[in-house]
Amino acid sequence: MTTLQDIYDKIEEFKPVVISSLKEISELDITCKSIIEHQLNNTNLLNATSIIKIQAVIDYMYEHVNIGNWKEVRLYLRKTITVASYVRLLGHLKCSNHLTNDVIKEGLKIIDFGILFGCPMETEPTLLQDSASYLHNALTPDDLKPEGNIQTGLTSDLELKNKFNCTVLDVIDCPSMETFLKNYILAEKPVVLDNCINHWPALTKWQDQNYFIKLAGLRTVSIELGRDYTDSNWTQKLMTLEDFIRNHIFAEGGTTGYLAQYQLFDQIPELKNDIIEPEYCCFSEEDEEEHIDIMAWYGPKGTLSPLHHDPKKNLLAQVVGEKQIFLFSPEDSVYLYPHEHELLNNTARIDPRNPDFKKFPMYKEAKGYCCVLRSGQMLYIPPKWWHFVESLSVSFSVSFWWE
């Protein structure tokens, strides 16, 4: 039986590496740096007062990283949140009397805050993720009530074509690498790929949302609330994955919640074991080994991504449920009425499902493509191609972006 001391000892084993990583936050002000160094070098003395001091450092760093553009935040500020969260976790465990689910839940909240607002240390990039695994493995499982079933098969490609006057995309069966490169990547042509991810464990495991609750239900994630990101009432909220599933995936009515464009697999590596990076992503314009951005999209029926384009190649893998997707060539951009504001200039004002021809008369000149992307299929979206995505059922998709 795992004890509180067992968990503490495992997580404390990272301490020498964390101490060596302090050089990565050398720009930190002397007061905060002294607090972190003192607590990290004297973990046997951690107490309630120590926790208050470390939490003050975390709060101070959080204020700094939320000033200005996120992309311009200095890395040492985020790395400080990572290190301080690690020390905060040790203090939490040190001051707890017994290993209970409540102690574990609080520990996971501390870790996820560090992951969401910090960034990996070069010396120990999976520090907080590994700590989370130790804690989560010690949970006492609760009985789970079965949720509603996922309904699919709601719309056919022919219905799309007749209703929206669009060209249905080709569906090809597991093409060779040469065929995919020549006919689609180099030709910058979208296509639906069939029978390419049949070997993914996710195709069976993810059909039951209780799987996510058991594996990572207590992990904190950022959820988008609202119709879509162009809505004035759109916002984001931190909540556990279990709360998201119970309150938004199968609950009818209320505000739509969407775990969208989220680096879930970096935060919870156990989920990444259920998917496999497609070989087609190897075709890169860069000479060096290319980094693949892997994003999760998980939400109830009706979630939307408004018509927009991205700068990278995109393979969108549909694991659970179905999505209705409309695409337009970059050559049709003038007919799609992009927003003029610089923050939304990659997003268009057209809703392909119900276009307003009086307001947007040039849209009649656009040539639309469409498909229903089903579980087990992938859609290749070339760079700069406009796409509008709507979930026809509870849906979980994984996108692979690369240059």
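It should be noted that the structure appears before, not after, this text.
Quantities reported herein were computed from a predicted structural model and do not represent experimental measurements.

Participant: Which residues make up the packing of aromatic side chains, and what values do they have?
Facilitator: This model, assessed by the stated rule, comprises 24 aromatic pairs. Seen from their ring centres, tyrosine 211 and phenylalanine 212 are 5.9 Å apart, and the 70° between their planes marks the pair as edge-to-face. Judged by relative accessible area, which is 2%, phenylalanine 212 ranks as buried. An aromatic cluster of three or more residues is present, and its members are Trp206, Tyr211, Phe212, Phe244, Phe265, Tyr298 and Phe396.

Participant: Would you mind going over the pairing of strand 7 (residues 293-299) in detail, with residue names and values included?
Facilitator: Taken across its 7 residues, strand 7 has 7 buried, putting it largely inside the fold. Neither face of strand 7 is open: one carries Asp293, Met295, Trp297 and Gly299, the other Ile294, Ala296 and Tyr298, and all of them are buried. In this structure, strand 6 (residues 257-262) lies alongside strand 7, joined through 2 bridges in antiparallel fashion. The partner of tyrosine 262 across the bridge, within strand 7, is alanine 296. Taken together, the 7 bridges between strand 7 and strand 14 (residues 395-402) define a ladder with antiparallel strand orientation.

Participant: Give a detailed account of the pattern of salt bridges, specifying residues and quantitative values.
Facilitator: Throughout the structure, instances matching the rule amount to 12 salt bridges. The partner of arginine 246 in a salt bridge is glutamate 242, and the shortest N-O contact between them spans 3.0 Å. Placement of both arginine 246 and glutamate 242 in helix 12 (residues 241-249) is noted, with a separation of 4 residues, approximately one turn of the helix. One salt-bridge network, held together by shared partners, links Glu24, Lys79 and Glu122.

Analysis parameters
- Residues numbered from 1 in each chain as written.
- Predicted model: local features only at pLDDT ≥ 70, side-chain atom pairs only at ≥ 80, totals over all residues.
- Heavy atoms only, no water.
- Phe/Tyr/Trp six-rings, centres within 6.5 Å; stacked < 30°, edge-to-face > 60°.
- Buried < 20%, exposed > 50% of the residue type's maximum accessible area, 1.4 Å probe, protein only.
- Helix = DSSP H or I, 4+ residues; strand = E, 2+ residues; numbered from the N terminus.
- Pairing = 2+ DSSP bridges.
- Salt bridge = Lys/Arg side-chain N within 4 Å of Asp/Glu carboxyl O.

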